[in-house]
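Geometric and topological summary
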Amino acid sequence: MKKIIISILSTLLIFASLLLSSCGILVKESRSEEEKVAHSLNIAVGDFLKSDDFNRMVLNANSTQARLPLSYLRYVKGKHFGNEAKESFETVLDYIRRLLDDDNAIDDTLFDKDPILGEKNDWGYIRWQSTLDYLFTFSIVYNQYKQSLNDAFTKYDKYLPVIKDYLAKLDSSVAEDPSAYIGTAWGFQFWNVLPMTAYNIGYDDVTPVSDIKMLSYYAKDGEAFTVSAEQPNWNGFSGRPLAATLYTDSDAYSVKYEKTMQGFYPKAELAYDDWSPSIEKLVTLDELYDYYDVSIGEWNTYDPQFAILTALAHGLNVRAYKTEGGETKDVLALWLDKITVEGEYKITNFNDMAVAISYSAFVEGVKNPSPLGVYKTDIAVISLDK
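Since the structure is predicted, the reported quantities are computational estimates derived from the model, not experimental observations.

Moving on: the nonpolar core. Tyr 134, Phe 138, Ile 308, Trp 335 and Met 353 are the most contacted members of the largest nonpolar core, which totals 107 residues. Among the elements that make up this core, the one with the highest residue count is helix 6 (residues 131-148) (nine residues).

Laid out in structure tokens, this is it:
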């Protein structure tokens, strides 16, 4: 009898073991599908980084729009910038000396007087729109420069406290004059550039006025949001949703606002003079799957990659995006189809590179992969040697 009981127990244990093993295989297969996609994307990114096109694009990255996607390389292990790129970074960073007064403080009045920083043509400023606009670029390039040095101390570290003081002063002055205008890149506003610049050089709680402004977007009247987002940048990041990733831990933050109230590009061609379309005319994250490809006229282009990047930066799973209506959409599949050539993924530009890296970082456990923040070697979670 004892032998029979032991035999039965042994059979049950074997059955249980097989069942658990089977379940484990199912879980592993489910995981491996994401890992398989990420691995294939990493191969495509690696091929792009080895190309002459990549090196040329780095040297020609002369705008905020171009530099922000490039910042996603923070998540990829290794050095990706050559000596020419490093020299171009130094050229941009050295411009800060042109803004320093005799006390080594930033003097706003020097911007317009400078033949490079404040240079204008018939259309307006050529490179930057203001001192703040330049400093935002400085903060981005500073971190790319740190990555080129493998996170070593840089000769530009001494300017970080100077920039911090300027940002705090500027943020405070805005509180005294709500009608103030400070030039920024297209799709950005000074109240989102201020906190992002501070964050990029490693400082928190420097821009309390701008922080309040950023959180005010989530105000509600009952269940309805009362504040509209500004005109988006159809071809790059918009400042408000990118800066909003800094506030995801705030009690006031609302992911629903990010999914339903932020437009990225028009659903259809607009009238020529309709430069400030209402949210109903714009594609939101909730509508991205249904309006990934739209026709907005020959003179208007758009880059849906930035909507995907924004979703990931807010911690949203783009492979299983859940809309407010309860539907689940694989938004990434639409993008994957666009970069598939003869059955393989092919990366040929910064925008697609950024999406590939961002998604792989998400798979590796990065909660909110974004181009913002101080570069440190331990941020890099993606190995192209896998």
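That was the structure; now back to the text.
So, about the side chain of Arg 67. Among the secondary structure elements, Arg 67 is positioned in helix 3 (residues 64-70). Of the side chains with opposite charge, Asp 133 lies nearest to the buried Arg 67, which makes no salt bridge, at 8.8 Å. In terms of polar contacts, Arg 67 uses its side chain to reach the backbone carbonyl oxygen of Ala 61, at 3.3 Å. When sequence neighbours within four positions are dropped, the list of residues in contact with Arg 67 reads Ala 61, Asn 62, Val 92, Thr 137, Ile 140, Val 141 and Gln 144.

Two side chains of opposite charge can pair, provided their charged atoms sit close to one another. If you walk through the whole model with that rule in mind, you get 15 salt bridges. We note a salt bridge from Lys 267 to Glu 287, for which the minimum N-O separation is 3.0 Å. Taken together, the residues Lys 267 in the loop between helix 11 (255-260) and helix 12 (305-313) and Glu 287 in the loop between helix 11 and helix 12 connect sequence positions 20 residues apart. Given a relative accessible area of 22%, Glu 287 falls into the partly exposed group. Linked through salt bridges whose partners overlap, the residues forming this network are Asp 290, Glu 327 and Lys 329.

This part takes up helix 14 (residues 350-363). An ideal rise of 1.5 Å per residue puts 20 Å on 14 residues; helix 14 measures up with 20 Å between its terminal C-alpha atoms. Most of helix 14 is tucked away, with twelve of its 14 residues classed as buried. If you check which residues of helix 14 are buried, you get Phe 350, Asn 351, Asp 352, Met 353, Ala 354, Val 355, Ala 356, Ile 357, Ser 358, Tyr 359, Ser 360 and Ala 361.

Once that is clear, we can look at helix 6. Here helix 6 is 18 residues long and its end C-alpha atoms lie 25 Å apart, about the 26 Å a rise of 1.5 Å per residue gives. Burial within helix 6 is extensive, with 18 of its 18 residues counted as buried. For helix 6, the side-chain oxygen to backbone nitrogen distance between the N-cap and Leu 132 is 3.4 Å, and the N-cap itself is Ser 130. Positive phi shows up at Asn 150, right after helix 6, with a value of about 60 degrees.

The rules behind the values
- Residues numbered from 1 in each chain as written.
- Predicted model: local features only at pLDDT ≥ 70, side-chain atom pairs only at ≥ 80, totals over all residues.
- Heavy atoms only, no water.
- Core = buried A, V, L, I, M, F, W, Y, C linked by side-chain atoms within 4.5 Å.
- Buried < 20%, exposed > 50% of the residue type's maximum accessible area, 1.4 Å probe, protein only.
- Helix = DSSP H or I, 4+ residues; strand = E, 2+ residues; numbered from the N terminus.
- Lys, Arg positive; Asp, Glu negative; His and termini not counted.
- Salt bridge = Lys/Arg side-chain N within 4 Å of Asp/Glu carboxyl O.
- Polar contact = N/O pair within 3.5 Å; in protein donor to acceptor, adjacent residues only side chain to side chain.
- Contact = heavy atoms within 4.5 Å.
- Expected span 1.5 Å × (residues − 1).

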